[in-house]
Every structure is written in structure tokens, then in C-alpha cells.
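Observations on the model geometry
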Amino acid sequence: MTLQNRVLPTGEIRAIPARGTFTGNRGVLHDDQRRLGTARWRHKAWITCALQFKDFHRVPMTPGRWTELFFLDEAVALAAGHRPCAYCRRPAFIAWRAAWTKATGTRAFAPDMDACLHKARVRRDRSQVRHAAVADSLPEGAFLLWQDRPHLVTARGIHPYSPEGYGAPLTRPEGTVTVLTPEPTIAVLRHGFRPELHQSATGRTS
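Residues numbered from 1 in each chain as written. Predicted model: local features only at pLDDT ≥ 70, side-chain atom pairs only at ≥ 80, totals over all residues. Heavy atoms only, no water.

**Thoughts on the overall build of the protein**
In plain terms, the rule: Strands are runs of DSSP state E lasting at least 2 residues, helices are runs of H or I lasting at least 4, and numbering of each runs from the N terminus. The quantity called the radius of gyration is restricted to C-alpha atoms. Its globule counterpart is 2.2 Å times the number of residues to the power 0.38. With a 1.4 Å probe rolled over the protein chains alone, any residue whose accessible area is under 20% of its type maximum counts as buried; one over 50% counts as exposed, and the rest are partly exposed. Should any heavy atoms of two residues lie within 4.5 Å, those residues are considered in contact. The Shrake-Rupley method, run with a 1.4 Å probe sphere, supplies the accessible areas, and residue values consider only the shown protein chains as cover. Under this rule, positive means Lys or Arg and negative means Asp or Glu; His and the chain ends count for nothing. Note that the charge is assigned to NZ on lysines, CZ on arginines, CG on aspartates and CD on glutamates.
Each helix and strand counted, the protein has 5 helices and 12 strands in total. Since a compact globule built from 206 residues should have a radius of gyration of about 17 Å, the 16 Å found for the protein is in line with a globular shape. For the protein, the spread of C-alpha atoms along the principal axes amounts to about 50 × 40 × 35 Å. Taken over 206 residues, the protein has a buried fraction of 50%. If you take every contact in the protein between residues at least 6 apart in sequence, the share linking residues at least 24 apart comes to 64%. In the structure as shown, the protein presents an accessible area of about 10400 Å², 51% of it carried by carbon and sulfur atoms. Here the protein carries 30 positive and 17 negative side-chain charges, and the mean point of each set is 4 Å from the other.

**A short note on the sheet that holds strand E9 (residues 149-154)**
In a beta sheet, neighbouring strands pair by backbone hydrogen bonds and run either parallel or antiparallel. As a reminder of what qualifies: Strands are labelled as partners when DSSP assigns at least two bridges between them.
With respect to topology, 6 strands assemble into an open sheet ordered E7-E12-E8-E9-E10-E11, the strand pairing being antiparallel. Of all strands in the sheet, those with a lone pairing partner are strand E7 (131-134) and strand E11 (165-166), marking the two edges.

**Focus on the packing of helix H2 (residues 90-104) against helix H3 (residues 110-121)**
Heads up, the condition is: In this description, a line fitted to the C-alpha atoms serves as the axis of each element, helices being fitted only across the stretch in contact, and the angle between N-to-C directions of two axes falls anywhere from 0 to 180 degrees. In these notes the angle categories are as follows: under 35 degrees is roughly parallel, over 145 is roughly antiparallel, 65 to 115 is roughly perpendicular, and the rest is oblique. Left-handed describes a crossing whose near helix is turned anticlockwise from the far helix by less than a right angle; the clockwise case is right-handed. Gly is placed with the polar residues, together with every amino acid not listed as nonpolar (Ala, Val, Leu, Ile, Met, Phe, Trp, Tyr, Cys and Pro) or charged (Asp, Glu, Lys and Arg).
In the contact formed by H2 and H3, the axes pass within 12 Å of each other and the chain directions differ by 70°. Comparing their axes, H3 and H2 come out roughly perpendicular. Helix-helix and strand crossings are classified by hand; for H2 and H3 the assignment is left-handed. Contacts between H2 and H3 pair Phe93, Trp96, Arg97 and Trp100 from the former with Ala110, Met113, Cys116 and Leu117 from the latter. In terms of residue class, the contact of H2 with H3 is built from 7 nonpolar, no polar and 1 charged.

**Considering unusual backbone geometry**
Even without being glycine, Met61 reaches a positive phi, approximately 60°. Mapped onto the secondary structure, Met61 falls in the loop between strand E4 (47-50) and strand E5 (69-71). Look at Gln147: it is not a glycine, yet its phi comes out positive at around 55°. Within the element layout of this structure, Gln147 appears in the loop between strand E8 (143-146) and E9.

**Here's the deal with H3**
Short version of the rule: The span you would expect from a helix comes to 1.5 Å times its residue count less one.
Here H3 contains 12 residues, and its C-alpha end-to-end distance of 16 Å stays within 8% of the 16 Å for a straight helix at 1.5 Å per residue. Residues of H3 that are buried: Met113, Asp114, Leu117, His118, Ala120 and Arg121. Those residues of H3 that are buried are in contact with strand E6 (83-84), H2 and helix H4 (183-190).

**Points about the pairing of strand E12 (residues 176-179)**
Sheet analysis places E7 next to E12, joined by 4 bridges and oriented antiparallel. The partner of Val134 across the bridge, within E12, is Thr176. Both E8 and E12 contribute to a ladder of 2 bridges, which runs antiparallel. Bridge assignment links Leu145 to a residue of E12, and that residue is Thr178.

**Concerning the layout of surface pockets**
The following threshold applies: Definitions used throughout: a 1 Å grid over protein atoms alone; a cavity as a set of points that fits a 1.4 Å probe which cannot get out; a pocket as an open set with protein on both sides within 12 Å along at least five of seven lines; a lining residue as one with an atom within 4 Å of a point. Grid points are joined across faces, edges and corners, and a volume is the space filled by probe spheres set on the points.
In this structure, the largest pocket encloses a volume near 710 Å³. Around the largest pocket, the lining comprises 31 residues; the ones closest to its centre are Thr23, Leu51, Arg58, Glu68 and Phe70. Counting residues per element, the ones that place at least two in the lining of the largest pocket are strand E1 (4-7), strand E3 (22-25) and E4. Broken down by class, the residue content of the lining of the largest pocket amounts to 18 nonpolar, 7 polar and 6 charged. Taken together, 16 residues form the lining of the second largest pocket, with Gly11, Glu12, Arg40, Val122 and Arg126 sitting closest to its centre. Looking at side-chain class alone, the lining of the second largest pocket contains 6 nonpolar, 4 polar and 6 charged residues.

Here you go:
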């Protein structure tokens, strides 16, 4: 059975069979039948976790346990409003926090960052918060909307997103565009954080 646990850069959670390269957590969002309810978060600590960590083994959407969400890659997780987990992805979290400190001038604790991100990623009606920016100003790892489709920004251009991977890079558009990645995360990307990208965006074959 394909579960409704795949997160898109637009913030939607869909039932998609393609597997992601990262998982994540927002609390218990499903019922005893492994179906997603109406809630899209139970707390503000939206984290991005490794698929494998030590000898832990989880069955997705086990009743009473937190709902495993999945992302194509870390850039998608960032666009959806997540940040690195401080436990299973400690080095990534440290790099994230260092970039956040550079961006804000203050060293924030995880709850402070989560509170800031929450205001910038989602509204109370569960709709995604988006903002406008000049396309040329966006850092690598950001997501923008172009021709009504999410695109990942890299040094090679903008890559059209699909749940299975990215398409070939296109020329970055000119002028102002709609940005999916939350503004605080854009600042973190500008100050040195580098998300792990799917191989279809990097050109790697493995």
C-alpha cells in the first residue's frame, strides 16, 4: 500500500510510491489505519532525518508513533520548512546552526530557530508561506516556482522537480519570481549551508 507520506517542495503531502533520500518528523499525524489525518504538524520542530541511523528500524506509520515523512532530497525538505535533525544528522545540524548564526548575528537554540521557521513556512490554514525575490539573487539549494512548477536552483541553472528526480537544467529566469523555500532558510543557504541533493541534480550516477 502506498502511504500518504511523501512531501513536495510546495508543502503538500502526497501518496507517491517513489522513495526519497531523507525522512522527517513533525509528530504523529496518522491514525490506526495508517492514514494521514487533517493535522500537518504536532510541534514546531520539523526535522530532516537520515534514512538509516545506527541499527534503528521503523515501520512507516506504525500506530501511535511519529509519522515518517519522506523527501526526494534535502533541498525539498528545506523548501517544505524542515531543518537538519540534531541527533541523527549532527554534522549537518552544526553546519546549519553555524550558517544561521552568520545570517542573524546571534547563536540561536533549536527551539528559537523552529519558532522563526514556523512563521515563515506555513499559515494556520496549512497553506505554504511564499515570498518574492529576484531570481539571480537566489542561492543554490533554493526552490522557486517557474511556469507553475517547482524548480531547484543550482549553479547549472534551474532543474524542474518531479517526485522521481530532477530534469535537465534550464536557464535561470530573469526578474522577480515566487520562492518556495522559507526566507530564513534562504539566508542560511546564502551563508554557507549546503543541502544534500539528489543525484539527478548533481550529475552523479551513484
